[in-house]
Amino acid sequence: MAVYRGGSFPAEYKGALFFADSVRGCIYVIPSDDDGELDPLAAHTFLSDAGPYAGADIQVGPDGALYYLSLY
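### Details of the pairing of strand E2 (residues 17–21)
As defined by bridge partners, strand E1 (residues 2–3) adjoins E2 across two bridges and the pair is classed as antiparallel. Bridge pairing links Ala2 to Phe18 in E2. Where E2 lies against strand E3 (residues 26–30), five bridges are found, and the strand directions are antiparallel. Paired with Phe19 across the two strands is Tyr28, which belongs to E3. Linking E2 to E3, which pair antiparallel, is a turn of four residues; within it Gly25 sits at a positive phi near 70 degrees.

### Considerations on the environment of Tyr13
Along the chain, Tyr13 turns up in the loop between E1 and E2. Distance from Tyr13 to Ile30, taken between C-alpha atoms, is 8.7 Å for residues 17 residues apart in sequence. Ignoring anything within four residues of it in the chain, the contact list for Tyr13 reads Tyr4, Phe18, Val29, His44 and Phe46.

### Topic: the pairing of strand E6 (residues 66–69)
Pairing analysis gives four bridges linking strand E5 (residues 57–60) to E6, with the strands arranged antiparallel. Counterpart to Asp57 in the pairing with E6 is Leu69. Hairpin connection, E5 to E6: the antiparallel pair is bridged by five residues, and Gly64 has positive phi, about 85 degrees.

### Focus: the sheet that holds strand E4 (residues 44–47)
Taken in spatial order, the four strands of this open sheet run E1-E2-E3-E4, and their pairing is antiparallel. Where the open sheet ends on each side, the last strands, each with one partner, are E1 and E4. Taken together, the three bridges between E3 and E4 define a ladder with antiparallel strand orientation. The partner of Val29 across the bridge, within E4, is His44.

### Considerations on the packing of aromatic side chains
Where two aromatic rings form a pair, the distance of their centres and the angle of their planes describe that pair. Using the criterion set out here, one finds nine aromatic pairs in the structure. Seen from their ring centres, Phe9 and Tyr13 are 6.0 Å apart, and the 70 degrees between their planes marks the pair as edge-to-face. A relative accessible area of 23% means that Phe9 is categorised as partly exposed. Through successive ring pairs, a cluster of aromatic residues spans Tyr4, Phe9, Tyr13, Phe18 and Phe46.

Calculation rules
Residues numbered from 1 in each chain as written. Predicted model: local features only at pLDDT ≥ 70, side-chain atom pairs only at ≥ 80, totals over all residues. Heavy atoms only, no water. Pairing = 2+ DSSP bridges. Helix = DSSP H or I, 4+ residues; strand = E, 2+ residues; numbered from the N terminus. Contact = heavy atoms within 4.5 Å. Phe/Tyr/Trp six-rings, centres within 6.5 Å; stacked < 30°, edge-to-face > 60°. Buried < 20%, exposed > 50% of the residue type's maximum accessible area, 1.4 Å probe, protein only.

And the structure:
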């Protein structure tokens, strides 16, 4: 999991939580609301069909971009 603080992505992702589901091969995002709180009801797919075991690790790099490690 990684909390995105802003940088490379559109402003709507600032403060959002990104997490991977290696079984489904997807990365999901839970955006934050106007108060900066995570809104689980607004969770949606950020990246799908990323292959098997997508997102074994997910982090925000020093350049502000989101990186994920795949086992394959």
